[in-house]
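Structure assessment
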Amino acid sequence: MNLPHRSPSHSENPGGSVVVIRGLTRVFKDFWGRPRARAVDGVDFDVRQGEVFGLLGPNGSGKSTTIKILLGLLHATSGHVEVFGHHPSHVPTKARIGYLPEESYLYRFLNSEETLDLFGGIFRLSKAERQRRTEQLLEMVGLKSVQRRSVGEFSKGMQRRIGLAQALINDPDLVILDEPTAGLDPVGCREVKDLILALARRGKTVILSSHLLADVEDVCDRVVVYYGGKVQALGSMKELLATPDSLRVTTPALSRETVASMISLLSKEVPAENIRLETPSRTLESLFLDIVEKARHAGGQTSGATSGNQVAAFIRGDSLSPETGPRILDRLAQAPLPKPAPASTTPETPREPLHDAGDAARLDRLTAAPSISPPQPTPSTMEPAPDPRLREAEGKLSSLVKPGPPRTHS
Amino acid sequence: MQEIRFIATLTVQSALRMRFAQMLSAVLLLSVIVLPSLIRHNGTAKMFAQVLVTYSLSLITALLAISTLWLACAAMANDLEGGQLQMLVCKPISRWRIWLGKWIGIMVVQIGLLILAGTAAYAALEWQARELPPGEQEKLRREILVSRGERREPSPDLTRDATLLAEKRRKERPLNNVPQDVLLKEVASEVRALHETVAPGYRRWWVVDLGPQAEVRRNKPISLRVQFHAAHASADGLFRTVWIVGGDNNPKAFRQELHLGAGVEHEIPLPPGLLDAQGKLDILCENRAAATLLFRMEDGLAVLFPEGSFLANYARGLTVIACWIALVAALGVTAGVFLSFPVATVLVVSLFLAGLSGETFAEVVREGTIASFDNETGRSEGSLFDGFFVPMAKVFSYLSRPVESVSPIAALSTGRRIPWVQVLQAAGQVSLALGGMTAVAGMLILTRREISRTG
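Summarised in this report is the structure supplied together with it. These figures come from a predicted structure and were not determined experimentally. (Residues numbered from 1 in each chain as written. Chains lettered and ligands numbered in written order. Predicted model: local features only at pLDDT ≥ 70, side-chain atom pairs only at ≥ 80, totals over all residues. Heavy atoms only, no water.)

The subject of this paragraph is the interface of chain A and chain B. With 32 residues of chain A at the interface, the matching set in chain B holds 32 residues. Taken over both partners, the interface formed by chain A and chain B buries close to 3100 Å², and the fraction arising from carbon and sulfur atoms is 59%. Linking chain A to chain B there are three salt bridges. Put simply, glutamate 450 of chain B and arginine 26 of chain A hold a salt bridge, and the shortest N to O gap is 2.3 Å. (Contact = heavy atoms within 4.5 Å. Buried area = accessible area lost by both parts, 1.4 Å probe. Salt bridge = Lys/Arg side-chain N within 4 Å of Asp/Glu carboxyl O.)

Regular strands place side chains that alternate from one sheet face to the opposite one. Residues and elements named next belong to chain A. With respect to burial, strand β6 (residues 174–178) is a largely interior element, five of its five residues being buried. In the sheet, strand β5 (residues 97–100) pairs with β6 via four bridges, with the strands oriented parallel. If you follow isoleucine 97 over to β6, its bridge partner there is leucine 174. Strand direction decides the pairing type here: β6 and strand β7 (residues 205–210), joined by five bridges, are parallel. Bridging across to β7, leucine 177 finds its partner in leucine 208. Chirality of the crossover, the property in question, places the unit of β6, helix α5 (residues 186–201) and β7 among those that are right-handed. (Buried < 20%, exposed > 50% of the residue type's maximum accessible area, 1.4 Å probe, protein only. Helix = DSSP H or I, 4+ residues; strand = E, 2+ residues; numbered from the N terminus. Pairing = 2+ DSSP bridges. Right-handed = clockwise from strand over helix to strand, strands pointing away.)

On to the packing of aromatic side chains, then. For any pair of aromatic rings, the description rests on two quantities: the centre-to-centre distance and the angle between the ring planes. Throughout the structure, instances matching the rule amount to 12 aromatic pairs over all chains. Summarising the aromatic geometry, the rings of tyrosine 122 of chain B and tyrosine 314 of chain B are spaced 5.6 Å apart at their centres and angled 45 degrees between planes, so their arrangement reads as tilted. Taken together, the residues span a long stretch of sequence, with tyrosine 122 of chain B in helix α5 (residues 95–129) and tyrosine 314 of chain B in helix α10 (residues 310–338) at a distance of 192 residues. Judged by its relative accessible area of 22%, tyrosine 122 of chain B falls in the partly exposed class. An aromatic cluster of at least three residues, connected via ring pairs, comprises Trp206, Phe228, Phe239, Trp243 and Phe295 of chain B. Positioned above the aromatic ring of phenylalanine 84 of chain A is the side chain of arginine 96 of chain A, whose terminal nitrogen or guanidinium carbon lies 3.9 Å from the ring centre. (Phe/Tyr/Trp six-rings, centres within 6.5 Å; stacked < 30°, edge-to-face > 60°. Lys NZ or Arg CZ within 6 Å of the ring centre and 35° of its normal.)

Moving on, we get to the sheet that holds strand β2 (residues 35–48) of chain A. All names here are of chain A. Strand order across the open sheet formed by three strands is β2-β1-β4, with antiparallel pairing between neighbours. Of all strands in the sheet, those with a lone pairing partner are β2 and β4 (78–83), marking the two edges. Ignoring which end each strand starts from, the neighbouring axes of this sheet average 20 degrees apart. Two elements, strand β1 (residues 17–29) and β2, share nine bridges in a ladder whose sense is antiparallel. Its bridge partner lying in β2, valine 19 is registered against valine 47. In the packing of helix α1 (residues 63–70) onto the sheet, the strands contacted are β1, β2 and β4, and the crossing angle to β1 comes to about 115 degrees. (Axes fitted to C-alpha atoms, helices over the stretch in contact; angles between N-to-C directions.)

With that settled, the discussion passes to helix α8 (residues 256–267) of chain A. All names here are of chain A. With 12 residues, α8 should reach 16 Å at 1.5 Å per residue; the first-to-last C-alpha distance of 16 Å fits that figure. Listed in full, the buried residues belonging to α8 are Arg256, Val259, Ala260, Ile263 and Ser264. Down the axis of α8, the buried side of the element spans an arc of 135 degrees, and every buried residue falls inside it. (Expected span 1.5 Å × (residues − 1). Arc of directions from axis to C-beta.)

This paragraph deals with the side chain of arginine 225 of chain B. All names here are of chain B. The topology assignment puts arginine 225 in strand β4 (residues 222–226). With a relative accessible area of 6%, arginine 225 lands in the buried category. The residues touching arginine 225, leaving out its near neighbours within four places in the chain, are Arg148, Glu150, Glu265, His266, Glu267, Gly300, Leu301, Ala302, Leu304, Thr414 and Arg416.

Take a look at the structure:
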């Protein structure tokens, strides 16, 4: 019997909470029953349908314990946990959940195809459906060319990819990803994040546990921050990251006069020392992605995972046909990167509009986040300004360009 | 069912990819084909059968039992320790189905190996039988590579007879100072001796009913299997007996004087047509030796008759072994649910060895002590630890009884038929009752326990 495909509209609780956690506490005990560690301590939060929810916290802060309680792998010492309105041990509910654990717990003697077939079988998918999904998922995670190699021979990153594929074999409504980008190369990381966005677009709920802040920042709608088993902060990314007392303007490269005028103008309201002007450099991530893409186009061979694969059709839903579906790496090249270089002096791939408003809003927000890139020297030159304010501005600009290469004044 | 099938297939794949099944196949084939050909026998059919059938089947059973324990413990404990079970229980499959799937997978592997080893052992037996002298080959075909049912005289109600005799004794003379249980014990021995002993010059008479199939068996060659003990030795080790089968007054009855040794089994072939109208066989043994002979009720005399083919009997024997394997697999999978692999293996092997020591436990229970027991006086010195070990022995003795009562190897090596009742008994008592209890315990523990490698 095939499990019915559940779109968000079929959910029992549309727009409501997929996960409800109230007063969750888990105490680990030793052999004699004495309390050893309070891994989770009075945690409350909800995960709403269709959101990407991040569990953040340092190692040992209780993230994985919370996830394992959600999955019924561990029992709560006290508190209330509901997943799709049921106790975590409710077996039929598990048909709607996909789980990627923090380590590869796959059978080392099976190959990728057999691994997906096994889990598809446990989800009671028909043989034809298992074959279809296996093919698409292997294509998606870039393991199509190595599908006959046993998982035990895979690198950590490749094991991560097959782990991700098995988590999606049932087209789950709730995807729980524990450290999904651990061990992945930058292309793989970007693809995972893109996949999470694709899942969110289809109204799937994603719970992402990570201590890699960039992962969470890139994709999450809301996050909970753990420390010592307790919730330290909970809210939307916008609420948690907003700095309302500052403003950032990003433009294409401007003429020297325009920049000087702009600084002069700004100086009327803000002390000069509070104005930062910088030319962001290209990120290492974008450089890496570019190199891999070029190598791929040049027909380079690899015995490992391939990149630039498209999200499996059954994960995308029916909105995108395989023909029109964008290849992930192509989209990455087109879409604004998390740390964009608006006035970059190196050639950039031209940007094109995003595929949907959801992505646009999310990525807009990301571009508004404070840059962590160090200021880079600008190659632009400056003219002496007659106006004192312009002179002041020029002084500021000069201080900015001091480390730059020597240029001849015109 | 699909999920169970997938888990079972996974377990089989595991055994094959880890080269477990291939390795064990090689060891089994080596054990049942090569090794028996190196063992010397004295050229008699009986010795030949003893070496090949008993040795091969015992070895197959031991190797399969130990490998099943290992595989079963590993199937569950390694998955728990390696985290693979986490992946399974996050999917929509009940944990009891995971247990069952693993057990079925193990059974598929081990039954496959049993069939392979059983077939190889039979082929080796047929092949090597050609080396026997012609007379012994004929004996082998007639007496050992056959399937013969057996009937005995029904056992008398010794307790009732003993009680009646004890009452009679108390009436005859004052025995007020003798406790009833001591009197009963002594009288029971006396009653038993009356049934089993044949003094010199006396006769022992048996009537064996060949049952509802007697009509079919009427014209088939039947034989007597006889074993007795003597009160004292004779000069040549033989004892003169006269056997009359088919009725003392019947002129067509079988009459023969035989000089037989004590303490060994003898087979006396009988001509057909000796059964009476009711399908009963009348057997008389006259003791013409100087010593009293003792025919035990358990194995003193049995009537053997052909019933089915050896191959079918052999298959039934292998089925009984499969029932044992089912129990051992259940024990292993269940131990793997709550113990680490090495601890689970040690525990289950210990239990297995305890099961094989059923007779020792039964003896401890019978004597009521683990200390020395004087058979003459019926008294023991007693031990400080009896309070603990005797009840433990009772439990082990009780649990191992069904396992011991359905041993097929002895029957196969002597050409006795393994009745379907015994196969069903093995399936019911060993697999369903003991195995079922173990399975339920394993499933419950797996359902309730936490499954996570780390906190």
